[in-house]
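Single-letter residue listing:
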Amino acid sequence: MNKYYSETPMDKWTSERSGIQYEMRNLIIGTNIDPYFRLPLWLQKEMPDGLLWAYNYEHLSFIENHVNAELRNREKSPMRNGSVGSRLPKWMTSKKNRTEILNGIEKLKRK
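Residues numbered from 1 in each chain as written. Predicted model: local features only at pLDDT ≥ 70, side-chain atom pairs only at ≥ 80, totals over all residues. Heavy atoms only, no water.

Engineer: Quick one: what's the story with the packing of helix 1 (residues 57-68) against helix 3 (residues 98-109), residue by residue and with numbers?
Structural biologist: For the pair helix 1 and helix 3, interaxial distance at closest approach is 10 Å and the crossing angle is 160°. Overall, the two elements helix 1 and helix 3 adopt an arrangement that is roughly antiparallel. Considering how the two elements wind past one another, helix 1 and helix 3 form a crossing that is left-handed. Contacts between helix 1 and helix 3 involve Tyr57, Leu60, Ile63, Glu64, Val67 and Asn68 from the first element and Arg98, Ile101, Leu102, Ile105, Glu106, Leu108 and Lys109 from the second. Of the residues that constitute the contact of helix 1 with helix 3, the class distribution is eight nonpolar, one polar and four charged. (Axes fitted to C-alpha atoms, helices over the stretch in contact; angles between N-to-C directions. Helix = DSSP H or I, 4+ residues; strand = E, 2+ residues; numbered from the N terminus. Parallel < 35°, antiparallel > 145°, perpendicular 65-115°, else oblique. Left-handed = near helix turned anticlockwise from the far one by under 90°. Contact = heavy atoms within 4.5 Å. Nonpolar A, V, L, I, M, F, W, Y, C, P; charged D, E, K, R; others polar.)

What follows is the structure, given as structure tokens:
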């Protein structure tokens, strides 16, 4: 399915302060839908502890490398959640789930 950005849904909201009505396209990030078009992602797999999803194959590769790493280096940043890997769910980064997650990623790669 092809879609133009101009065809994506518009969000309407009213400013509490001024009462002005606004209409704009908002990106929805961090969930299993496309941030622009709000359609379900192609790369999704239900796992026993949650939903494994990726925006694209590059994102899937990042998740695979992070899960597969024996030692995960943290960025030296004052922010606790400064890296993308730190935002992955705990069930996904748990060593006991590593094999299962990597098998799920392999299945998604074949899509």
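Engineer: Explain the nonpolar core residue by residue, including any values.
Structural biologist: In this structure, Leu52, Ile63, Val67, Met92, Ile101 and Ile105 are the most contacted members of the largest nonpolar core, which totals 14 residues. For this core, the secondary-structure elements that each account for two or more residues are strand 3 (43-47), strand 4 (50-54), helix 1, helix 2 (90-93) and helix 3. When residues in this core are grouped by element, the largest group, four residues, is from helix 3. Beyond its immediate chain neighbours, meaning those up to four positions away, valine 67 contacts Arg72, Met92, Arg98, Ile101 and Leu102. (Core = buried A, V, L, I, M, F, W, Y, C linked by side-chain atoms within 4.5 Å. Buried < 20%, exposed > 50% of the residue type's maximum accessible area, 1.4 Å probe, protein only.)

Engineer: Got a sec to walk through the pairing of strand 4? Specific residues and values, please.
Structural biologist: For a regular strand, side chains alternate in direction, first toward one face of the sheet and then toward the other. The element strand 4 is largely enclosed, with a buried count of four among its five residues. Where strand 3 lies against strand 4, five bridges are found, and the strand directions are antiparallel. Pairing of methionine 47 across the sheet is with glycine 50, part of strand 4. Here strand 3 hands over to strand 4 after two residues, the two strands then running antiparallel side by side. (Pairing = 2+ DSSP bridges.)

Engineer: Any details on a nonpolar patch on the surface? Residues and values, ideally.
Structural biologist: On the surface, a nonpolar cluster with roughly 380 Å² of combined accessible area is contributed by Trp13, Ile20, Tyr22 and Met24. Looking at the secondary structure, you find isoleucine 20 in the loop between strand 1 (11-14) and strand 2 (21-24). (Patch = residues over 30% accessible without salt bridge, like charges linked within 9 Å, V, L, I, M, F, W, Y side chains within 5 Å. Areas by Shrake-Rupley, 256 points an atom, 1.4 Å probe, with all protein chains shown as cover. Salt bridge = Lys/Arg side-chain N within 4 Å of Asp/Glu carboxyl O.)

Engineer: Just give me the short version of helix 1, but keep the residues and values in it.
Structural biologist: The end-to-end C-alpha distance of helix 1, which contains 12 residues, comes to 16 Å, matching closely the 16 Å that a straight helix rising 1.5 Å per residue would cover. Taken as a whole, helix 1 has its buried residues at His59, Leu60, Ile63, Glu64, His66 and Val67. Within helix 1, the buried residues cover an arc of 165° as seen down the axis, which keeps them to one side. The exposed residues of helix 1 that point more than 90 degrees off its buried face are Glu58 and Asn65. On its buried face, helix 1 is in contact with strand 4, helix 2 and helix 3. Where helix 1 begins, the capping side chain belongs to asparagine 56, and its oxygen is found 3.1 Å from the backbone nitrogen of glutamate 58. (Expected span 1.5 Å × (residues − 1). Arc of directions from axis to C-beta. Polar contact = N/O pair within 3.5 Å; in protein donor to acceptor, adjacent residues only side chain to side chain.)

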